[in-house]
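Here is what each chain is made of, one letter per residue.
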Amino acid sequence: MLRRWLIWSVPVLVVVVLLAMGTYYLMNARTFQLAGHVVSRVDTAAKVVALTLDDGPTDRTPEVLKVLADAQVPATFYLNGRDLAAHPEHGRAIAAAGHEIGNHAYSHRRMVFVTPGAVRDEVERTDAEIMKTGYVGSITFRPPYGKKLWMLPHYLAEQDRVTVMWDIEPDSGRADATTDDIVADTIGKVRPGSIILLHTMHRYADPSLAAIPRIIAELRSAGYQFVTVSDLMSR
């Protein structure tokens, strides 16, 4: 009996492990999802890149906007609905400065193993807050933590909306990353059509914010132009 149990349990365990691995891959894949359109980089020979900034807005928003204004660079801000509701003046400032605004969910929750209603609520409540900023333009979506499975891509596909990921994330999961690290990682990996992800809204984001002028200067000297995500996808 024990031997028979062992014979059956091994293939079952293998199947369970493979399913778990496949689910993890799908959940975190940057270039593939089960429904709709996902973009992590645009295939182009032109030297154009998109700078994207996740989370917020927070009280650091004026600092971020000043850095971008000084460099005369457009960015795409992926904002959370709850933070927009808490800081409407910062959302309006981002829109007034001419930057693109994307949807980064309302509560920044992981959008996997969630109900259709939860997905709709997270996306649509954030859309409503974005509209209050005065922003006019298409609103793409970026999953919090980059995680998605079925419900979120299916909902976005029904709405004909694009999931925007990234191909360069020099400060993600690296609490000890210095400004030099962030700049070097970005410059070393950038390609035409790259989508760069930085986090500049939090209190620990000084290295990322300080990296932006250096990244811009080095990429410009290499012939790159900065555009918004929507502009990049239209090329």
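Before reading on, note that the structure itself is shown above.
Here the structure is a predicted model, which means the values were calculated and not measured.

(A) Highlighting the pattern of salt bridges. Taken as a whole and assessed by the stated rule, the structure comprises eleven salt bridges. The shortest N-O distance in the salt bridge between Asp-54 and Arg-142 comes to 2.8 Å. Remark: Arg-142 occurs in the loop between α5 (116-132) and α6 (151-158) and Asp-54 occurs in strand β2 (residues 48-54); sequence separation between them is 88 residues. On the basis of relative accessible area, Asp-54 is assigned to the buried category, the value being 3%. When salt bridges that share partners are traced, they join Arg-60, Glu-63 and Asp-206 into one network.

(B) Region of interest: unusual backbone geometry. The linkage connecting Gly-56 with the following residue, Pro-57, adopts the cis geometry, with an omega of 10 degrees. Looking at the element boundaries, Pro-57 is found in the loop between β2 and α2 (61-71). The phi torsion at Phe-113 lies on the positive side, around 55 degrees, for a residue other than glycine. Position of Phe-113 relative to the elements: it lies in the loop between β4 (100-103) and α5.

(C) Fine view of the packing of α5 against α6. Packing of α5 against α6 brings their axes to within 9 Å, and their N-to-C directions diverge by 60 degrees. The angle between the axes of α5 and α6 places the two elements in the oblique class. The two elements α5 and α6 cross, and the hand of that crossing is right-handed. Across from Pro-116, Val-119, Arg-120, Val-123 and Glu-124 in α5, the residues of α6 making contact are Met-151, Leu-152 and Tyr-155. For the contact of α5 with α6, the per-class residue count stands at six nonpolar, no polar and two charged.

(D) Representation of the side chain of Thr-126 in the model. Tracing the sequence through the fold places Thr-126 in helix α5. On the basis of relative accessibility, which here comes to 0%, the residue Thr-126 falls in the buried class. Side-chain polar atoms of Thr-126 contact the backbone nitrogen of Tyr-106, separated by 3.0 Å. A polar contact of 2.8 Å, which involves the side chain of Thr-126, links it to the backbone oxygen of Glu-122. Among residues more than four places away in sequence, those in contact with Thr-126 are Leu-79, Asn-80, Gly-81, Asn-103, His-104, Ala-105 and Tyr-106.

(E) How the structure looks around the nonpolar core. With 35 residues, the main nonpolar core has Leu-51, Leu-53, Leu-68, Phe-77, Leu-198, Ile-212 and Leu-219 as its most contacted residues. Looking at this core, the elements with two or more residues in it are β2, α2, β3 (76-79), α4 (88-96), α7 (179-189), β6 (195-198) and α8 (206-221). In terms of residue count, α8 provides more of this core than any other element does, six residues in total. Discounting residues that sit within four places of it in the chain, Leu-53 has contacts with Val-64, Leu-68, Ala-75, Thr-76, Phe-77, Tyr-78, Leu-198, Thr-200 and Ile-212. Counting residues in hydrophobic clusters, the runner-up holds 15 residues, among them Ala-50, Tyr-78, Met-165 and Val-227.

Quick notes on the rules
Residues numbered from 1 in each chain as written. Predicted model: local features only at pLDDT ≥ 70, side-chain atom pairs only at ≥ 80, totals over all residues. Heavy atoms only, no water. Salt bridge = Lys/Arg side-chain N within 4 Å of Asp/Glu carboxyl O. Helix = DSSP H or I, 4+ residues; strand = E, 2+ residues; numbered from the N terminus. Buried < 20%, exposed > 50% of the residue type's maximum accessible area, 1.4 Å probe, protein only. Axes fitted to C-alpha atoms, helices over the stretch in contact; angles between N-to-C directions. Parallel < 35°, antiparallel > 145°, perpendicular 65-115°, else oblique. Left-handed = near helix turned anticlockwise from the far one by under 90°. Contact = heavy atoms within 4.5 Å. Nonpolar A, V, L, I, M, F, W, Y, C, P; charged D, E, K, R; others polar. Polar contact = N/O pair within 3.5 Å; in protein donor to acceptor, adjacent residues only side chain to side chain. Core = buried A, V, L, I, M, F, W, Y, C linked by side-chain atoms within 4.5 Å.

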